[in-house]
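Reading the structure
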Amino acid sequence: MVNVLGLDIGGANTKAAYVQAQEGVIGDVRVLVEYFPVWKNPQNLVHVLQKIRKRADARLDVVGVTITAELADVYKTKREGVLHVLGCVREVFSDLPIYVLSTDVKVLPLREALLEPLGAAAANWAATGWLVSQYFENGLIVDVGSTSTSIIPIINGKVDAQSKTDLDKLVCGELVYTGCLRTNLAAIVQTVPVKGAVCRVSSELFALSADVHRVLGNITEEQYTCETADGKGVTCREALTRLARLVCADREMLTEKELYQIAQYIYEKQIQQIAEGLSQVYSYVKKAALTKVPILTAGLGKDFLAKKAAEQIKTAETIIIMDLDKLLPDNVSLAVPAVGTALMTVKRWERNNRDS
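Criteria and cut-off values
Residues numbered from 1 in each chain as written. Predicted model: local features only at pLDDT ≥ 70, side-chain atom pairs only at ≥ 80, totals over all residues. Heavy atoms only, no water. Helix = DSSP H or I, 4+ residues; strand = E, 2+ residues; numbered from the N terminus. Rg over C-alpha atoms; globule rule 2.2 N^0.38 Å. Buried < 20%, exposed > 50% of the residue type's maximum accessible area, 1.4 Å probe, protein only. Phe/Tyr/Trp six-rings, centres within 6.5 Å; stacked < 30°, edge-to-face > 60°. Lys NZ or Arg CZ within 6 Å of the ring centre and 35° of its normal. Salt bridge = Lys/Arg side-chain N within 4 Å of Asp/Glu carboxyl O. Core = buried A, V, L, I, M, F, W, Y, C linked by side-chain atoms within 4.5 Å. Contact = heavy atoms within 4.5 Å. Patch = residues over 30% accessible without salt bridge, like charges linked within 9 Å, V, L, I, M, F, W, Y side chains within 5 Å. Areas by Shrake-Rupley, 256 points an atom, 1.4 Å probe, with all protein chains shown as cover. Pairing = 2+ DSSP bridges. Axes fitted to C-alpha atoms, helices over the stretch in contact; angles between N-to-C directions.

Regarding the overall build of the protein chain
- When helices and strands are counted, the protein chain shows 10 helices and 14 strands.
- The C-alpha radius of gyration of the protein chain comes to 21 Å, within 12% of the 21 Å expected for a compact globule of 356 residues.
- Over its C-alpha atoms, taken along the principal directions, the protein chain stretches across nearly 70 × 50 × 35 Å.
- Looking at the protein chain as a whole, 55% of its 356 residues are labelled buried.

Laid out in structure tokens, this is it:
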């Protein structure tokens, strides 16, 4: 049995999966999440990783890592971001072998990844796709996280993404930059209905998608893990106050019912955003697979965003929509890239040990 820690180091959240596995088969898994906005103080990433290692509280044989934090604007280039993150990982886990996920759907020894850092940039979708491909011959994963949505095709048992970079994925629909917590509402809508009229919105960072989903009951206070736009609390009342500012108003100018109507409208538009990307990718996958393609939902927004978007796909046949939580061990769908990276690392580590 191999004890592995899989790390998914993002710009806002670092997710970790402590996994006991053998031959790529999960024996036990624990998921840890640390909210850490890397752009505020990137040097503190070392302390976050040290905290995760301490929380894991386990003997480790090997570490696997995937990175999306390189997009943070604290770094001049993605190359700089990847090298910094990998340097922090090496400092904290210097006593262990470290493998890094690449966009070629492979895990590479740290020394190789350092030679081609751009190959490790924004590769976490590859781990998600690989993990699901162990269970499904064909499928389309919709992973809705706090910040963005990844749409990942599986065709004939392999990850078959059309693109490897975030830029290209935004073009082809495999990346939709909308999430269930951190999205500026002005990136979802330009207008909202108010008092029977169409009202333009402010592009100030007055409210987040988390406020919409808190108001509508899609997330709990505990799931509102990011910072609020005004630095205040995460109660429904406080979320309504922030929502009013979206249209340059306040709680004295708009009723609670009117604010709920605004929240519902934004929610429906966010579902449409994801559905547009999903439709774009689904049409390609359906032609390539030549068979029914189930849509597999994952992430914090799997039920209220991913599933709802999948239900909007226009097709002549019934689409099978499946929850990854029903197929994988508990809580895995909240950190699929971390778990996938861990299992890919186990396979590579075991192969190296057999060959040596």
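Focus on the packing of aromatic side chains
- Tallied over the full model, the rule gives zero aromatic pairs.
- Directly above the ring of W125 sits K169, whose terminal nitrogen or CZ lies 3.8 Å from the centroid.

Focus: the pattern of salt bridges
- In total, this model carries 17 salt bridges according to the counting rule given.
- Between K302 and D303 there is a salt bridge whose closest N-O contact spans 3.1 Å.
- We classify K302 as buried; its relative accessible area is 9%.
- Through salt bridges that share partners, K302, D303, D323, D325 and K326 make up one connected network.

A closer look at the nonpolar core
- With 54 residues, the main nonpolar core has L140, I266, L278 and I295 as its most contacted residues.
- Going through the elements one at a time, β7 (139-144), β8 (149-155), β11 (191-194), α6 (209-215), α7 (236-245), α8 (256-289) and α9 (302-310) are the ones with two or more residues in this core.
- With 13 residues, the top contributor of residues to this core is α8.

Some details on the environment of S150
- Checked against the element boundaries, S150 lands in strand β8.
- Judged by relative accessible area, S150 falls into the buried class, the value being 16%.
- Counting along the chain gives 16 residues from S150 to Q134, while the straight-line C-alpha distance between them is 18 Å.
- Once residues lying within four places of it in the same chain are set aside, the contact partners of S150 are I141, V142, D143, E174 and L175.

A look at a nonpolar patch on the surface
- Together, L71, L170 and Y177 give the surface a local cluster of nonpolar side chains, amounting to about 290 Å² of exposed area.
- Tracing the chain through its elements places L170 in helix α5 (residues 166-172).

Section: the sheet that holds strand β2 (residues 13-22)
- The strand order across the open sheet formed by six strands is β3-β2-β1-β4-β5-β6, and the pairing between neighbours is mixed. Among the strands making up the open sheet, the edge pair consists of β3 (25-35) and β6 (106-109). Each strand axis lies, on average, 25° off the axis of its neighbour in the sheet, ignoring direction.
- Note that strand β1 (residues 2-9) and β2 share eight bridges and pair antiparallel. Within β2, the position partnered with D8 by the bridge is K15.
- Across the sheet, helix α1 (residues 45-56) lies against β1, β2 and β3, angled at about 140° from β3, the strand it touches most.

It is worth stressing that arrangement in space is one thing and function is another; only the former is reported here.
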